[in-house]
Amino acid sequence: MAITPKLAFAHFSKLMKKLFALIITSLCLICQADDKPINDTPSQPGAVVQLTVDGLVCNFCATNISKTFSKLPEVSEVYVNLAAKAVLLQLKEGKKLPEDQTKQIVTEAGFNLRGISYPKDSFNSIKENLKKSAK
Amino acid sequence: MKKYLKLLFVLFLGIKSLHAQMVSAPGINFLKAEYGHTFSYTEIGRSFTGFRSVGFSGYSFNTGEGKSIEAEVAIVNQLLKRWNTEDSQANIVIGGGVGRGRTGGREGWAGTASVLADWENRRWHIMLQEQAVFVPSASRLASTLMGGWAPYLAEYDEWAPWIYYTVQHENGAGVGFVHGPSLVLMHQDLLLELRVMHSSHGYHAEAGIRSLF
């Protein structure tokens, strides 16, 4: 059978369609594969810890406790609210801060730990609520 | 016995402290500087535990008798006792140091010692301090009482204003009682202070800055 230009174009078109479908399928698979590590990256926030601290009455007290917790590798963010005597800690993904260690850190910084809780709400949501209640 | 030896050690090293804040949390550095009509003072140091800090300070005082006292000393501040309650904090801090000093052309060893007691809540702050600086053939002894009031309760990330009144007595014959109001502004790790003090020399301004870093 003679290969005419028309037949060759039709064959080429089929091949291109298959190739296009293969590329799209591959891209979808690559994107799905890429999605998984993005969802699992350490940038995802971890647990939130809320402390109630006795003696937390002035700016320098707040600075001391804020800088102390900021240095910990487990902690990504710290917020101090003087009105509520509260210290809010955002832990990094997969990181934990044992209660005994937390108490020791607060004591060594010169304060007394009165309470510790692990709220389910987000760090920013609790922070905003503490700010509102302080007004 | 160990307790008394520890106390003697601190007193021997002994120098000054100025504020309870000069003993901070472990790993926190501090800077304090004050400038006034009859004195200038700078202190820089680091808290290695929540109860002790070490650093260096430089003093320059006018005794009011035509003499000036200058000293540069290595210092240790020790928080002896802290009381923390839900709404307040009280501290007793002692400090001391040794270094070099000079007055009237004479130079030699210098020493400083101080004891400070304070109580504060978010609205009120009261502080009593005794401070001594010894240099060859001269000394400066000062007793200071400060009371502060916050017009409103600011949060940590806001500017917090405080109004203080200070009464101080110095042993220099030409100085005596010094007293006056001051405005203090605190924002996170920064404290700025501006005083207008009255002494036998009349009114004069004093300024101070303190920071944790």
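Along each chain, residues carry numbers from 1 onward, in the same order as the chain's sequence is written. Going through the entries in the order they are written, you letter the chains from A and number the ligands from 1. Per-residue local features are limited, in this predicted model, to residues with pLDDT of at least 70; the limit for side-chain atom pairs, both in listing and counting, is 80 or more; totals at the level of whole chains, interfaces and linings are taken over all residues.

1. What about the sheet that holds strand S3 (residues 52-62) of chain B?
Sheet strands associate in pairs through backbone hydrogen bonding, adopting either a parallel or an antiparallel arrangement.
Residues and elements named next belong to chain B.
At step 1: The strand order S1-S2-S3-S4-S5-S6-S7-S8-S9-S10-S11-S12 describes a closed barrel built from twelve strands, whose pairing is antiparallel. Strand-to-strand twist of the sheet, defined as the mean angle between neighbouring strand axes without regard to direction, takes the value 15 degrees.
At step 2: Pairing between strands is defined by DSSP: at least two bridges between the two strands are required. Each helix is a run of DSSP H or I of at least 4 residues and each strand a run of E of at least 2, with the numbering of both proceeding from the N terminus. With 15 bridges joining them, strand S4 (residues 68-84) and strand S5 (residues 88-103) adopt antiparallel strand pairing. Considered in S5, the bridge of Asn84 is made with Gln89. An axis is simply a line fitted to the C-alpha atoms; with a helix, the fit covers only the stretch in contact. Between two such axes, the angle follows the N-to-C directions and lies from 0 to 180 degrees.

2. Here's the deal with unusual backbone geometry
Residue and element names in this part refer to chain B.
At step 1: Not every positive phi belongs to a glycine, and Ser137 is a case in point at roughly 60 degrees.
At step 2: Topologically, Ser137 is positioned in the loop between strand S7 (124-135) and strand S8 (138-149).
At step 3: Even without glycine at this site, Gln188 takes up a positive phi of about 50 degrees.
At step 4: Structurally, Gln188 can be placed in the loop between strand S10 (176-187) and strand S11 (190-199).

3. A closer look at the nonpolar core
Burial of nonpolar side chains together is a common tendency in soluble globular proteins.
At step 1: We call a set of buried Ala, Val, Leu, Ile, Met, Phe, Trp, Tyr and Cys residues a nonpolar core when their C-beta atoms link them within 7 Å. Here exposure depends only on C-beta density: within 10 Å of a residue's C-beta, 20 or more other C-beta atoms make it buried, 12 or fewer make it exposed, and intermediate numbers make it partly exposed, the C-beta atoms being placed from the backbone. Core analysis: the largest hydrophobic core is formed by 30 residues, its most contacted members being Leu56, Ile65 and Val87 of chain A.
At step 2: Elements with a minimum of two residues in this core: strand S1 (45-54), helix H2 (59-70), strand S2 (75-81), strand S3 (86-92) and helix H3 (99-108) of chain A together with strand S1 (28-35) of chain B.
At step 3: By the criterion used throughout, residues are in contact when their C-beta atoms, derived from the backbone, lie within 7 Å. Among residues more than four places away in sequence, those in contact with Val87 of chain A are Leu51, Val53, Ile65, Phe69, Val78 and Val80 of chain A.

4. A few points about the confidence of the model for chain A
Note that predicted coordinates carrying low pLDDT should not be read in detail.
At step 1: In predicted models, pLDDT denotes the confidence assigned by the predictor to each residue on a 0 to 100 scale. The predicted model of chain A averages 79 in pLDDT, with 67% of residues at 70 or higher.
At step 2: Residue range residues 28-43 of chain A is modelled with pLDDT below 50. Its contacts to residues more than four positions away, or to other chains, number two contacts.

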